[in-house]
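In case you want the letters, here they are:
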Amino acid sequence: MLIDALLLQLGYNATLVAIGATLLGVSAGVTGTFLFLRKRALVSDAISHATLPGVCLAFILMASFGGDGRNLVGLLLGSAVSASAGLWCLNWLTRNTRLAEDAAIGSVLSVFFGFGIVLLTVIQTLGVGRQAGLEGFLLGSTAGMLWADAMVIAVGGAVTLLLILLIRRPMTLVAFDPEYAAARGLPVSKIDMAMMGLVMAVTVVGLKIVGLILIVALLIIPAVTARFWTERSDYVVLLAGLAGGLSAYIGAAMSASAPNLPTGPIIVLMSFALFLFSLLFAPNRGVLAAVLRHFRFQRRVHLRQGLLALAQGQPIYEKLTLRLLRNGGLVRADGVATDKGKARAAKALRDERRWAVVRADQAHEAAAALYDGLRQIESVLTQDQITEIDRHIGGPKEVLA
Amino acid sequence: MLDLASSNGQVQQDHGLDDSPLAIRGLTVSYGQKPAVFSVDMTVEPGKMTAIIGPNGAGKSTMLKAALGIVPPVSGQIQVFGKPLDAQRVRIAYVPQRASVDWDFPTRVIDVVLMGLYRELGLLGRLRGHHKAAAMDCLDRVGMGDFATRQIGQLSGGQQQRVFLARALAQGADLYLLDEPFAGVDAATEKAIISVLKALREAGKTVVVVHHDLATVTDYFDNVFLINTNKVAEGTVAEAFTAETLQAAYGGRLATAQVDQLALALG
């Protein structure tokens, strides 16, 4: 069943949901990266929770005029209006009161959301036809998704991506160094507003599939996941789009293959799975890599300190050092250096002297910056440069006993 | 050049407002109700290196930021090469204080310098080989060429400062404004930065630096501007960097021994 869903064989509705979700995932991942870089991730949570009153009011309006209260475009327009109101309140609070941004976010989020829940309960008691379904905007509900719905999501996602492509450079500059951006004449507050507008677009478009409570996860988690894999901001954006799209696609497929599972939470769990994998296994910034690096580093430090101690005739007390030296065939069981050990020790001492020359010399600044007590000098300088340094420090010294 | 004594007895040099790289009139900036900069006039001489000095909290950085439009002034007029600021942004390069940046931001040294070319690239222009070559050239000028692909968090403070300078160089501007570029940097960086600035001056560019170290003013700069919320003095180092003006700017914060020492050094 899952395979069928992944291969888009599970029927019209499931296929629509999968495609719409993927587009949403990609644009949420990409948009969310700029939020993440700008350190405004939780503003998206305030925006998404602020959509609820608008959805409910739009429904009431449309139903009371005799139309279909569940018309998606109408509901999304309503959500956009109240989300804009929430954003406006947030800006006003941070700018005109002494409230810090996090407190302002909490206030706006809870007040708007509470108001929305009240409206939702009112609607449920009104008995206006076919009101069931608005709760679907909380966690996402894809049952009975229409071609028109999927088009709205697809177009919204595509337009968002295009706009981001257009203003990616100003947004990156503003996220990295807003003062410099202002000095360059960039309209920083307008760019921030544009970014928030894009976030709102993604939120509104994602209300149907992922729901307002969890859209923030789809905005943030892919960006954080991508951060583990690269040190370049443009790659973070691309990888976040990939992560968002992938988790949305798989999540939508899983949800389609087991109809009782709500789509939004499954998608979020998928993106969390990707995040967990990256957290643990990413080569540079992952936890496993860090742990392995630490132990490897510890062994290298002990080995090097042991060799230097041997070279200078100092006694070695640490058990780990002695064990490593013994296992490497560098000392005998009684702690006396072997020939191999003496040779290595002499080289270690010589390298320290070479490093001292490098670090004192202005011309070798880039190489000197790489000194960490362990790095092999041959990996940083050419043989000619090393020979040049050797001329200063004289020949190698023999290690005694 | 005319030497005019202004109403409070300080020496002022009057250049035509038309050609001054940076002309400030009546600038007042405040945070809340307290003025950080009050009614300050400044005329920067072209092709020279000018230091803005004053005690901590004197409004030096604020003045620079207001001149660039980063903080909104309460009042004041700014003109850059005789025209309003917004028309001349292309000709100004700004090197901010290092502290304002997140060093865990995913960007490499070369990417930071390429940001200096964003205006030239526009929104959609492709990054071509000659852009990268120009960026590498700027990095080489500040001695950071070997660090191009390192993430910025891996650099020391002085190295980071030099990368920011390279970014400003990439713009090819005529007026350079630097906010405490020598604060907390190592000797090698200080030498690298001052030699780049002097080369800019030789090339006819104008350099304005918010400077924190009184001991190096006479070595590095042609002109000084002393500020302590109000303007205290403005002019060449010989005219405006004297024991009296320093005492007036720093008040009791400079020990008399320091002032005498400086006066001796100033000759």
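Residues numbered from 1 in each chain as written. Chains lettered and ligands numbered in written order. Predicted model: local features only at pLDDT ≥ 70, side-chain atom pairs only at ≥ 80, totals over all residues. Heavy atoms only, no water.

Visitor: Got a sec to walk through the overall build of chain B? Specific residues and values, please.
Guide: Helix and strand counts for chain B stand at ten helices and twelve strands. Evaluated residue by residue, chain B yields a buried proportion of 54% over its 267 residues. For chain B, the proportion of contacts with a sequence separation of at least 24, taken over those separated by at least 6, is 68%. With the model as given, the accessible surface of chain B reaches about 11,200 Å², and the carbon-plus-sulfur share is 50%. (Helix = DSSP H or I, 4+ residues; strand = E, 2+ residues; numbered from the N terminus. Buried < 20%, exposed > 50% of the residue type's maximum accessible area, 1.4 Å probe, protein only. Contact = heavy atoms within 4.5 Å. Areas by Shrake-Rupley, 256 points an atom, 1.4 Å probe, with all protein chains shown as cover.)

Visitor: I'd like a description of the interface of chain B and chain A, backed by residues and values.
Guide: Contacts between the two partners involve 38 residues from chain B and, on the opposite side, 31 residues from chain A. For the pairing of chain B and chain A, the buried interface totals around 3,100 Å² over both sides, and the portion due to carbon and sulfur atoms is 56%. Our enumeration of links across chain B and chain A arrives at five salt bridges. Across the pair Arg285 of chain A and Asp104 of chain B runs a salt bridge whose closest N-O atoms are separated by 3.5 Å. Taken together, the elements giving at least two residues each to the side of chain B that touches chain A come down to α1 (60-68), α2 (109-115), α3 (118-121) and α5 (157-170) of chain B. In terms of residues, the side of chain B that touches chain A owes the most to one element, α5 of chain B, which gives four residues. Residue composition of the side of chain B that touches chain A, by class: 18 nonpolar, nine polar and eleven charged. (Buried area = accessible area lost by both parts, 1.4 Å probe. Salt bridge = Lys/Arg side-chain N within 4 Å of Asp/Glu carboxyl O. Nonpolar A, V, L, I, M, F, W, Y, C, P; charged D, E, K, R; others polar.)

Visitor: Any details on the packing of aromatic side chains? Residues and values, ideally.
Guide: Each aromatic ring pair is summarised here by two numbers: the centre-to-centre distance and the angle between the ring planes. According to the stated counting rule, one finds nine aromatic pairs over all chains in the structure shown. Ring plane angle 65° and centroid distance 6.3 Å describe the contact between Tyr220 of chain B and Phe221 of chain B, whose orientation is recorded as edge-to-face. Through a chain of ring-to-ring contacts, three or more aromatic side chains come together here, namely Phe228, Phe272 and Phe275 of chain A. Between Arg232 of chain A and the ring centre of Tyr235 of chain A, over which it is positioned, the NZ or CZ distance is 4.3 Å. Its guanidinium or amino end placed over the ring of Tyr180 of chain A, Arg167 of chain B lies 3.5 Å from that ring's centre, counting from NZ or CZ. (Phe/Tyr/Trp six-rings, centres within 6.5 Å; stacked < 30°, edge-to-face > 60°. Lys NZ or Arg CZ within 6 Å of the ring centre and 35° of its normal.)

Visitor: Can you explain the sheet that holds strand β4 (residues 34-43) of chain B? Please cite residues and give values.
Guide: Residues and elements named next belong to chain B. Reading across from one edge, β4-β3-β6-β7 is the order of the four strands in this open sheet, with antiparallel pairing throughout. Each edge of the open sheet is held by one strand with a lone partner, namely β4 and β7 (83-84). In this sheet, β7 lies alongside strand β6 (residues 75-80) in antiparallel orientation, the contact comprising two bridges. Residue pairing across strands places Gln79 opposite Pro84, the latter belonging to β7. Across the sheet, α1 touches β3 (23-31), β4 and β6, and the angle it forms with β3 is around 115°. (Pairing = 2+ DSSP bridges. Axes fitted to C-alpha atoms, helices over the stretch in contact; angles between N-to-C directions.)

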